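Given next are the chains, with one letter for each unit.
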Amino acid sequence: MEDAERDPGEELAAVVAMRRLADRMEDAAVERAMRAGWSWSDVAQALGVTRQAVHKKHVRRLIDAGVQLRRRK
Amino acid sequence: MGRTYVDSVLVRAAEEARRRGARLTEAEHLLLALASEAEGDAPGLLSPAGLDRLAVQDALQREFEHSLGAAGVSVADEEVLRPRESPRMPSDIGESGRRVLEVAMAGARKKDLGPAHIVLGILDLKVGTVPRVLALAGVDVEALRARARAVVDGT
């Protein structure tokens, strides 16, 4: 498609939607992994982020959801 | 001095953002807050446009799925398409929310600012989620703008 034919509004809306989808997939997948007994380190390695980042982002939600979290070894 | 309307609508919009898992309070959260008001000017402005709370939520969801479709993404797991609430309140107001308030405040002193001013701010947006949602919901924007302006001019 020619650049002039592309609607930036459509493209940017698609970016927003995919970002939101990725966030929701991450929430669901991290919760499943932690329920299955994965450690924060395992999840961080699989996501390609630091352990601190994944912990900070998800710990409160998972505790609120009643997920049993593994102690750090 | 009591809390102003704009303070109250911002608090409710932030809660709407949290419930949808958003990190910032955006224009669509202000629209949801307005659409949830049972008293005052908001129901009379928004009901004829078909914009109750459920209709806005439904249009937001359709806009999300439509935009994914435009990117060629289809999702088998319905679960991940649904909004998930965040334990945290949004950290700030986003650019679309800020624009709505700017336009609303340009039209009123802070203590006089009401739902109609916020509606005019929302309708002033040219890009982003809200204009797309209003189009998807089939809202007659000009009629809604005229009703909001009549309320503003009458105060």
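Quick look at the structure, then. Model, not experiment: these values are computed from the prediction.

Calculation rules
Residues numbered from 1 in each chain as written. Chains lettered and ligands numbered in written order. Predicted model: local features only at pLDDT ≥ 70, side-chain atom pairs only at ≥ 80, totals over all residues. Heavy atoms only, no water. Helix = DSSP H or I, 4+ residues; strand = E, 2+ residues; numbered from the N terminus. Rg over C-alpha atoms; globule rule 2.2 N^0.38 Å. Buried < 20%, exposed > 50% of the residue type's maximum accessible area, 1.4 Å probe, protein only. Contact = heavy atoms within 4.5 Å. Areas by Shrake-Rupley, 256 points an atom, 1.4 Å probe, with all protein chains shown as cover. Lys, Arg positive; Asp, Glu negative; His and termini not counted. Charge placed at Lys NZ, Arg CZ, Asp CG, Glu CD. Buried area = accessible area lost by both parts, 1.4 Å probe. Salt bridge = Lys/Arg side-chain N within 4 Å of Asp/Glu carboxyl O. Polar contact = N/O pair within 3.5 Å; in protein donor to acceptor, adjacent residues only side chain to side chain. Nonpolar A, V, L, I, M, F, W, Y, C, P; charged D, E, K, R; others polar. Axes fitted to C-alpha atoms, helices over the stretch in contact; angles between N-to-C directions. Left-handed = near helix turned anticlockwise from the far one by under 90°. Core = buried A, V, L, I, M, F, W, Y, C linked by side-chain atoms within 4.5 Å.

**Quick word on the overall build of chain A**
Part 1 of the reasoning: The number of helices and strands found in chain A is three helices and zero strands.
Part 2 of the reasoning: Counting from the amino terminus, chain A carries its helices and strands in the arrangement α-α-α.
Part 3 of the reasoning: Expected size for 73 residues packed as a compact globule is a radius of gyration near 11 Å; at 17 Å, chain A overshoots this value by more than 25%.
Part 4 of the reasoning: By its C-alpha atoms, chain A is 55 × 20 × 20 Å across when sized along the principal axes.
Part 5 of the reasoning: Classification of the 73 residues of chain A by burial places 30% in the buried group.
Part 6 of the reasoning: A fraction of 49% describes how many contacts in chain A between residues 6 or more apart in sequence connect residues 24 or more apart.

**Remarks on the overall build of chain B**
Part 1 of the reasoning: A count of helical and extended segments in chain B gives eight helices and two strands.
Part 2 of the reasoning: Order of helices (α) and strands (β) in chain B, N terminus to C terminus: α-β-α-α-α-β-α-α-α-α.
Part 3 of the reasoning: Taking 2.2 N^0.38 as the reference for a compact globule, 155 residues should give roughly 15 Å; the C-alpha atoms of chain B span a radius of gyration of 16 Å, in line with that estimate.
Part 4 of the reasoning: Dimensions of chain B, computed from the C-alpha atoms along their principal axes, are close to 50 × 35 × 25 Å.
Part 5 of the reasoning: Relative to its 155 residues, chain B shows a buried fraction of 43%.
Part 6 of the reasoning: Across chain B, the fraction of contacts at a sequence separation of at least 24, relative to all contacts at a separation of at least 6, is 69%.
Part 7 of the reasoning: For chain B, the exposed area adds up to about 7900 Å²; of that, 53% sits on carbon and sulfur atoms.
Part 8 of the reasoning: Charge centroids of chain B, computed over 21 positive and 24 negative side chains, lie 3 Å from each other.

**Section: the interface of chain B and chain A**
Part 1 of the reasoning: Counting residues at the interface gives 21 residues for chain B, matched by 20 residues for chain A.
Part 2 of the reasoning: With both sides pooled, the region where chain B packs onto chain A buries about 1700 Å², and carbon together with sulfur makes up 55% of that total.
Part 3 of the reasoning: For chain B, the biggest contributors to the area lost against chain A are Val80, Arg84 and Pro87 of chain B; these three give 33% of the whole.
Part 4 of the reasoning: At the junction of chain B and chain A, the tally comes to three salt bridges.
Part 5 of the reasoning: Residue Arg84 of chain B is joined to Glu31 of chain A by a salt bridge in which the shortest nitrogen-to-oxygen separation is 3.4 Å.
Part 6 of the reasoning: Across the chain B-chain A interface, the total number found is six residue pairs in polar contact (both at pLDDT 80 or more).
Part 7 of the reasoning: It is helix H4 (residues 53-70) of chain B that provides the largest number of residues to the side of chain B that touches chain A, a total of six residues.
Part 8 of the reasoning: Looking at the side of chain B that touches chain A, its residues break down into ten nonpolar, two polar and nine charged.

**Re the packing of helix H1 (residues 8-35) of chain A against helix H2 (residues 40-47) of chain A**
All names here are of chain A.
Part 1 of the reasoning: It is at 10 Å that the axes of H1 and H2 come closest, and there the two elements cross at 140°. Where H1 crosses over H2, the handedness of that crossing is right-handed. For the pair formed by H1 and H2, the contact residues are Glu26, Val30, Ala33 and Met34 on the first element and Trp40, Val43 and Leu47 on the second.
Part 2 of the reasoning: Considered class by class, the residues forming the contact of H1 with H2 number six nonpolar, no polar and one charged.

**Some words on the nonpolar core**
Part 1 of the reasoning: Formed by 36 residues in total, the largest nonpolar core has its most connected members in Leu51, Ile118, Val119, Ile122 and Leu144 of chain B.
Part 2 of the reasoning: Of all the elements in the fold, those that place two or more residues in this core are helix H1 (5-19), helix H2 (27-35), helix H3 (42-46), H4, helix H5 (95-106), helix H6 (115-123), helix H7 (129-136) and helix H8 (141-154) of chain B.
Part 3 of the reasoning: At seven residues, the largest contribution of residues to this core is made by H2 of chain B.
Part 4 of the reasoning: The residues touching Leu144 of chain B, leaving out its near neighbours within four places in the chain, are Leu45, Leu46, Ala49, Leu51, Val119, Leu123 and Val139 of chain B.
Part 5 of the reasoning: Counting residues in hydrophobic clusters, the runner-up holds ten residues, among them Ala33, Val43, Val59 and Leu62 of chain A.

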